[in-house]
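Below are the chains, spelled out letter by letter.
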Amino acid sequence: MLERDSVVIIMKAIILEKTCNADELTVKEVNKPKQTKSNVLIEINGFGINRSEIILRKYEANEPYIKLPIIPGIECVGTVIEDNEKFNKGDVVIGLMGGMGRSFNGSYAEYASIPNKNVFKINEEMIKKLKLEEIIAIPETFLTAYGSLFECLKLNKKDTLLIRGGTSATGISALKLAKKLGCTVISTTRNNTRVEKLEKMGADLVIIDNGDISEKILSKYPEGITKILELVGPSTMNNSMKILASNGILCITGILGKQEYLENFDPIKDIPNGKYLTSFFSNYPTQEVLDSIFKYIIDNEITPEISKVFTSLEEVKEAHKLMESNNAEGKIVIKLKELVKYD
């Protein structure tokens, strides 16, 4: 696993040198990173697969702001292996966002050196109550779902929430968070075979989404929906705005529809009077927010929905293929090794 000599320690990692297909992701041997005053050295126990990493691999790596070659991966769960000014050896932590896997090397590796500001301690109670793969499934997905619902949508138990893109990992996480709050939840899917699963997870109504769901929704909720989590993105935003209630809020968080921007967007015409449009960007997590998420999960006995657990870096290419198939229906997890208590 590691080759040692007097100077260099070698680790395994996936290095992205150019845009490529999933089969071209290969494991290579590279120098293990070093800890610095502003960075913490983490042994990676596992990481989740995210759609932004698919985008990076397929076309974003061509952008000049991506510093190639790069180790991808925007999140990880790991163990601190050296003391520094903020963390102690043996701390179980999350590395998350802030340029991870784009501006500096990310989590598709055995070790990572991550800026202190992008590393957060994991609640001890979480470690006791959840399996490692469940903890790995939390960081980016639940940060996105939680921030969208509570920071942006100001969700409360009296709301009716529409989750557009309901079988995505974020959509399922948002469903679980919202149902524990007590509000009514409508989830959408494009696939009839996924209706029963969403109902079992608590959705009060499941709508088959063909791109225009306004008639289906307004026939049941003629006054419209008070809060909408738009995960399909710009391609269905205008349609979602039609079914938003007066004084309602629509939050765009995802781009599952593969359209990143709205052409000829006119905010005066496209945002009706008395309706509100916002978005959630997960690039700036804080320990306070993550602690709130951990507490909500533990207090409400929420279990992350996991699609599949892979157990090696070599399987990352298969994990990418699964995400690209749109058949995951939950978080895709890479678990490299179990947690170890350091003395």
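Structure shown above.
From a predicted model like this one, the values you see are computed outputs, not experimental measurements.

Caption draft 1: Representation of the overall build of the chain in the model. Secondary structure summary: the chain contains 11 helices and 15 strands in total. Against the compact-globule benchmark of 20 Å for 343 residues, the chain has a radius of gyration of 21 Å, which places it among compact chains. Along the first, second and third principal axes, the C-alpha atoms of the chain reach 70 × 40 × 35 Å. Relative to its 343 residues, the chain shows a buried fraction of 55%.

Caption draft 2: Local environment of the packing of helix H4 (residues 139-152) against helix H5 (residues 169-181). Here H4 crosses H5 at 50 degrees, and the two axes come no closer than 9 Å. By the angle between their directions, the pair H4 and H5 is classed as oblique. Note that H4 runs across H5; the crossing there is right-handed. Within the contact between the two elements, H4 uses Thr141, Phe142, Thr144, Ala145, Tyr146, Leu149 and Phe150 and H5 uses Ala169, Thr170, Ser173, Ala174, Leu177, Ala178 and Leu181. Considered class by class, the residues forming the contact of H4 with H5 number 10 nonpolar, 4 polar and no charged.

Caption draft 3: Up close: the packing of aromatic side chains. Counted by the stated rule, this structure contains 5 aromatic pairs. With a centroid separation of 4.8 Å and 55 degrees between ring planes, the pair formed by tyrosine 146 and phenylalanine 150 is classed as tilted. Taken together, the positions of tyrosine 146 and phenylalanine 150, both in helix H4 and 4 residues apart, correspond to about one turn of that helix. Using a relative accessible area of 16% as the deciding quantity, one classes tyrosine 146 as buried. Pairing phenylalanine 150 with tyrosine 296 gives two aromatic rings, centres 5.6 Å apart and planes at 50 degrees, and the pair type is tilted. Note that phenylalanine 150 is positioned in helix H4 and tyrosine 296 in helix H10 (residues 287-299), a separation of 146 residues in sequence. Residue classification places tyrosine 296 among the buried residues on the basis of a relative accessible area of 15%. By the ring-pair criterion, three or more aromatic residues cluster together here, those being Tyr146, Phe150 and Tyr296.

Caption draft 4: Region of interest: the pattern of salt bridges. As enumerated under the stated definition, the model contains 22 salt bridges in all. The partner of arginine 194 in a salt bridge is glutamate 329, and the shortest N-O contact between them spans 3.0 Å. Taken together, the residues span a long stretch of sequence, with arginine 194 in the loop between strand E9 (184-189) and helix H6 (195-200) and glutamate 329 in the loop between helix H11 (316-324) and strand E15 (331-335) at a distance of 135 residues. On the basis of relative accessibility, which here comes to 10%, the residue arginine 194 falls in the buried class. Between lysine 295 and aspartate 299 there is a salt bridge, with the nearest N and O atoms lying 2.6 Å from each other. With lysine 295 and aspartate 299 both in helix H10, this residue pair falls 4 residues apart, about one helical turn. Judged by relative accessible area, which is 52%, lysine 295 ranks as exposed. Each of Lys176, Arg194, Lys197, Glu305 and Glu329 takes part in salt bridges that share partners, so that together they form one network.

Caption draft 5: Inspection of the sheet that holds strand E13 (residues 276-279) at higher detail. The sheet built from 6 strands is open, its strands ordered E10-E9-E8-E11-E12-E13 with parallel pairing. Each edge of the open sheet is held by one strand with a lone partner, namely strand E10 (205-208) and E13. Strand after strand, the sheet turns through a mean of 20 degrees between neighbouring axes, direction not considered. Inspection of the sheet shows strand E8 (residues 160-164) paired to E9 by 4 bridges, in the parallel sense. Each residue of the ladder has a partner; that of leucine 161, found in E9, is valine 185. Here H4 sits on the sheet in contact with E8, strand E11 (225-230), strand E12 (244-252) and E13, set at roughly 150 degrees to E12.

Caption draft 6: Main features of the nonpolar core. Core analysis: the biggest nonpolar cluster contains 50 residues, and Leu149 and Leu161 have the highest contact counts within it. Those elements giving two or more residues to this core turn out to be strand E5 (92-96), helix H3 (132-136), H4, E8, H5, H6, E12 and H10. If near-sequence neighbours (up to four positions away) are discounted, leucine 161 is found in contact with Leu149, Leu153, Leu155, Ala178, Thr184, Val185, Ile186, Ile225, Lys227, Ile228 and Leu229. Formed by 42 residues, the second largest nonpolar core is a distinct cluster that contains Val40, Phe47, Tyr111 and Val119.

The rules behind each value
Residues numbered from 1 in each chain as written. Predicted model: local features only at pLDDT ≥ 70, side-chain atom pairs only at ≥ 80, totals over all residues. Heavy atoms only, no water. Helix = DSSP H or I, 4+ residues; strand = E, 2+ residues; numbered from the N terminus. Rg over C-alpha atoms; globule rule 2.2 N^0.38 Å. Buried < 20%, exposed > 50% of the residue type's maximum accessible area, 1.4 Å probe, protein only. Axes fitted to C-alpha atoms, helices over the stretch in contact; angles between N-to-C directions. Parallel < 35°, antiparallel > 145°, perpendicular 65-115°, else oblique. Left-handed = near helix turned anticlockwise from the far one by under 90°. Contact = heavy atoms within 4.5 Å. Nonpolar A, V, L, I, M, F, W, Y, C, P; charged D, E, K, R; others polar. Phe/Tyr/Trp six-rings, centres within 6.5 Å; stacked < 30°, edge-to-face > 60°. Salt bridge = Lys/Arg side-chain N within 4 Å of Asp/Glu carboxyl O. Pairing = 2+ DSSP bridges. Core = buried A, V, L, I, M, F, W, Y, C linked by side-chain atoms within 4.5 Å.

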